[in-house]
Amino acid sequence: AVSRNKKERAKQTHSFVRNRLLSESVLRSRSVLSLPLGADLDQRRTELSNRRSARMRRPHAVPPVPVTELPHSATEHLDTMTSLERLAAFHTCDADIFSGWCGFCGVLSDECVEECEKITNIIVDIIRCAAEKWRRGEDTNGYRVVLSGCGTSGRIALYVATRMNRILASKALPPVFSYLLAGGDEALVESRELPEDSACGGRDELLALVPRAERALLVGITCGLSAPYVAGQCEYTLAHSDAWHTVVLGEWCPSGRQPLESIASLSF
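Figured I'd write up the structure that's included with this text. (Residues numbered from 1 in each chain as written. Predicted model: local features only at pLDDT ≥ 70, side-chain atom pairs only at ≥ 80, totals over all residues. Heavy atoms only, no water.)

### Structural notes on the pattern of salt bridges
- A complete count under the given rule lists 7 salt bridges for this structure.
- Ionic pairing is found between Asp125 and Arg128, a salt bridge with its closest N-O pair at 3.5 Å. Here Asp125 and its partner Arg128 are both found in helix α6 (residues 110-135), 3 residues apart, which amounts to about one turn of the helix.
- Asp125 gets classed as partly exposed once you look at its relative accessible area, which sits at 21%.
- A relative accessible area of 45% means that Arg128 is categorised as partly exposed.
- Measuring nitrogen to oxygen at the nearest pair gives 3.1 Å for the salt bridge that ties Glu138 to Arg136.
- For Glu138, a relative accessible area of 36% puts it in the partly exposed group.
- Classification of Arg136 as exposed rests on a relative accessible area of 52%.
- When salt bridges that share partners are traced, they join Lys133, Arg136, Glu138 and Glu214 into one network. (Salt bridge = Lys/Arg side-chain N within 4 Å of Asp/Glu carboxyl O. Helix = DSSP H or I, 4+ residues; strand = E, 2+ residues; numbered from the N terminus. Buried < 20%, exposed > 50% of the residue type's maximum accessible area, 1.4 Å probe, protein only.)

Written out as structure tokens, the structure is:
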């Protein structure tokens, strides 16, 4: 019995070390799995780098895992870099957001700038309509820009909405920006994962915030619509496009990936 326990512990240790050494993308490859555990770590890194480079050279290649979970070529040897080299590597990763990555357009691309101009025009129109009602002493709740997200995305929504309302207040304009965070304000400082998985909960919170939208914009902040909380809100606003505009802000999401397959109620 003692011998069997030792063997089981050895197997568990082998599995743990193997998973630590290999990324998820490497584990999907049979040829790399065939490498013995004692294989040189540089050999594993080289194989991973070669396979990732070959895959990402294809325009709009669909990664086996979300883009935000993939290792970046600039940080492959982060453990051996100096502090300045690490800062430079992080800067390179951040620059991809603006310049583009593996065939996907960046924030400064013509396509993205054009879309941002369209969204800006919608927001300006919402502010203008709300200001007219506000000056007449009428309710402006139907004119809203709602930013929504889970976890860090929701904290970004809070920051942007608060910041924009301060700017509007300085110009004597009504505060039209609002935020929604899965789990409420408690989730600002403590994780609330269950509300993130509720599409119906997200929709209900949106309706509670803006029960009668006249002209409103939902900005869903999510990585590839992976959060049902935000996806449920998007489903509702898309179904009521007469009063709502819908924008999703998140990671590069190739059309070949189906991030919403697990949410049967969604229809887009």
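Structure shown, so let's carry the discussion forward.
### A few points about helix α7 (residues 152-170)
- Taking 1.5 Å as the rise per residue, α7 with 19 residues should run 27 Å; its terminal C-alpha atoms sit 27 Å apart, in good agreement.
- Within the span of α7, buried status applies to Ser153, Gly154, Ala157, Ala161, Asn165 and Leu168. All buried residues of α7 lie within an arc of 100 degrees about the axis, which places them on one face of the element. For α7, the exposed residues lying more than 90 degrees away from the buried face are Thr152, Tyr159, Arg166 and Ser170.
- Considering only its buried residues, α7 is in contact with α6, β1 (143-149), β2 (177-181) and β3 (215-221).
- One or two residues past the end of α7 sits Ala172, with phi positive at roughly 60 degrees. (Expected span 1.5 Å × (residues − 1). Arc of directions from axis to C-beta. Contact = heavy atoms within 4.5 Å.)

### Focus: the packing of helix α8 (residues 199-209) against helix α9 (residues 228-239)
- As a packed pair, α8 and α9 sit with axes 6 Å apart at the nearest point and diverge in direction by 55 degrees. As far as their axial angle goes, α9 and α8 are oblique. Of the two possible hands of crossing, α8 and α9 adopt the one that is right-handed. Contacts between α8 and α9 involve Ala199, Gly201, Gly202, Arg203, Glu205, Leu206 and Leu207 on the former and, on the latter, Pro228, Tyr229, Gly232, Gln233, Tyr236 and Thr237.
- When the residues that make up the contact of α8 with α9 are grouped by side-chain class, the tally is 6 nonpolar, 5 polar and 2 charged. (Axes fitted to C-alpha atoms, helices over the stretch in contact; angles between N-to-C directions. Parallel < 35°, antiparallel > 145°, perpendicular 65-115°, else oblique. Left-handed = near helix turned anticlockwise from the far one by under 90°. Nonpolar A, V, L, I, M, F, W, Y, C, P; charged D, E, K, R; others polar.)

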